[in-house]
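# Survey of secondary and tertiary structure
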Amino acid sequence: MRIYTGCIPCMARQAVEAAEMSTEDPELRRLIIKKALHSMADLPFDLTPPHAGMIIHRIVKNLLGDIDPYQELKTLYNQKALDLYEEMKGTIADAADRLETASRLAIAGNNIDFGFRSKSDHIDLHGAIKEALQKPLRIDHTPRFAESLKQARHILYVSDNAGEVVFDRVLVEEIPDFEKRVVFVVKGEPVLNDATMEDAGEAGITDIVRVIDNGSDAPGTIIETCSDSFLAELNRSDLIISKGQGNYETLSEEPRNVFFLLKAKCPVIARDLGVQVGDLVLESLAVKRGSLRKDPQPVH
């Protein structure tokens, strides 16, 4: 998904928030914001929105070093989500359709997204779970998803945010032979509240499946910024589970068997998906595009 004019206000807000979360020094804050806005002014519109997020946070790192301004928020929501883990497992155990319920819970976790909301926002996780279990999916390709999970030999689960990864865990655990078939992906470096290897460890995912990082510091999956080891896993996978808006923005043109699980929280993404803000989505890219090449071309 390319940058729309409607993305610009969100990019500017991210620049301000990144500056405020990274330093108390007003001069440094102003410098971060000025550099970020200058960079965005020169950003081609044929790139994806996560390119902007990557540039903003690289500016912060270049000025302040390798800091993680979202670390406290990430730890907080990892724990909040872990506090709900047993409850979610019980909900799945009682469900008529375990996979659908686990998929809905994974989508509920996508509310934990500070790329579009303020750091001061309170996220009602109980409310998010209730909504995801009761609200119809605006795009619902669950039957195709279930069939793909049965057939796939190598499944790549591309995660999004800290805290959300606990919700992802309950879905992973519903995939038959998940220990052998699933590779779970996190970010290579901290950016926004996106999950890293540390968050996967806190969520208990490193105890159940192989976890790799994508080698990138982008708030999405920008292929050209990812490591060779990640690309090797991408090329061998016959099913990709993509979580969240940033991964949708960067993988929605990949000629692969991708399923997007997310909540549309942004009007630009909602319009691109053909849904309303607040809608829940489980979409097959093959259905979206009408066809899928049987032999996707490897990326290098």
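A brief report on the enclosed structure follows. Since the structure is predicted, the reported quantities are computational estimates derived from the model, not experimental observations.

### Quick notes on the overall build of the protein chain
A count of helical and extended segments in the protein chain gives 15 helices and 7 strands. The principal-axis extent of the C-alpha atoms belonging to the protein chain is close to 55 × 40 × 35 Å. In the protein chain, which comprises 300 residues, the proportion classed as buried is 57%. Restricting the contact set of the protein chain to residue pairs at least 6 apart, pairs at least 24 apart contribute 73%. Surface summary for the protein chain: the accessible area is close to 12700 Å², and the carbon and sulfur share equals 50%. Here the protein chain carries 36 positive and 48 negative side-chain charges, and the mean point of each set is 4 Å from the other.

### What to know about the sheet that holds strand β1 (residues 139–140)
One open sheet holds the 7 strands; their spatial order is β1-β7-β6-β5-β2-β3-β4, and the pairing between them is mixed. In this open sheet, the two strands that pair with only one neighbour each are β1 and β4 (210–213). Across 4 bridges, strand β5 (residues 239–243) lies against strand β6 (residues 258–263) in parallel orientation. Paired with Ser 242 across the strands is Phe 260, a residue of β6.

### What about the packing of aromatic side chains?
Scanning the entire structure with this criterion turns up 4 aromatic pairs. Ring geometry for Tyr 248 versus Phe 260: centroids 5.0 Å apart, planes at 80 degrees, classification edge-to-face. On the criterion of sequence distance, the pair formed by Tyr 248 in helix α13 (residues 244–251) and Phe 260 in strand β6 is long-range, its members being 12 residues apart. The same class applies to Tyr 248 as to Phe 260, namely buried. In this arrangement the basic side chain of Arg 169 is found over the ring face of Tyr 85, its NZ or CZ atom lying 4.3 Å from the centre.

### Observations concerning the state of the cysteines
On inspection of all chains with the given rule, the structure shows 0 disulfides. Left unpaired, Cys 266 is separated from the closest cysteine sulfur, that of Cys 7, by 6.2 Å. On the accessibility criterion, Cys 266 (19% relative accessible area) is buried.

### Focus on the side chain of Glu 249
Structurally, Glu 249 can be placed in helix α13. Of the side chains with opposite charge, Lys 265 lies nearest to the buried Glu 249, which makes no salt bridge, at 9.5 Å. Among all residues touching Glu 249, those that are not within four sequence positions of it are Met 1, Thr 48, Pro 49, Pro 50 and Ile 269.

### Quick look at the side chain of Ser 252
Among the secondary structure elements, Ser 252 is positioned in the loop between α13 and β6. Of note is the side chain of Ser 252, whose polar atom sits 3.1 Å from the backbone nitrogen of Met 1. In this structure the side chain of Ser 252 is engaged in a polar contact, spanning 3.1 Å, whose partner is the backbone oxygen of Tyr 248. Look past the residues within four positions of Ser 252 in its chain and what remains in contact with it is Met 1, Asn 247, Phe 260 and Leu 285.

Conventions we followed
- Residues numbered from 1 in each chain as written.
- Predicted model: local features only at pLDDT ≥ 70, side-chain atom pairs only at ≥ 80, totals over all residues.
- Heavy atoms only, no water.
- Helix = DSSP H or I, 4+ residues; strand = E, 2+ residues; numbered from the N terminus.
- Buried < 20%, exposed > 50% of the residue type's maximum accessible area, 1.4 Å probe, protein only.
- Contact = heavy atoms within 4.5 Å.
- Areas by Shrake-Rupley, 256 points an atom, 1.4 Å probe, with all protein chains shown as cover.
- Lys, Arg positive; Asp, Glu negative; His and termini not counted.
- Charge placed at Lys NZ, Arg CZ, Asp CG, Glu CD.
- Pairing = 2+ DSSP bridges.
- Phe/Tyr/Trp six-rings, centres within 6.5 Å; stacked < 30°, edge-to-face > 60°.
- Lys NZ or Arg CZ within 6 Å of the ring centre and 35° of its normal.
- Disulfide = S-S within 2.5 Å.
- Salt bridge = Lys/Arg side-chain N within 4 Å of Asp/Glu carboxyl O.
- Polar contact = N/O pair within 3.5 Å; in protein donor to acceptor, adjacent residues only side chain to side chain.

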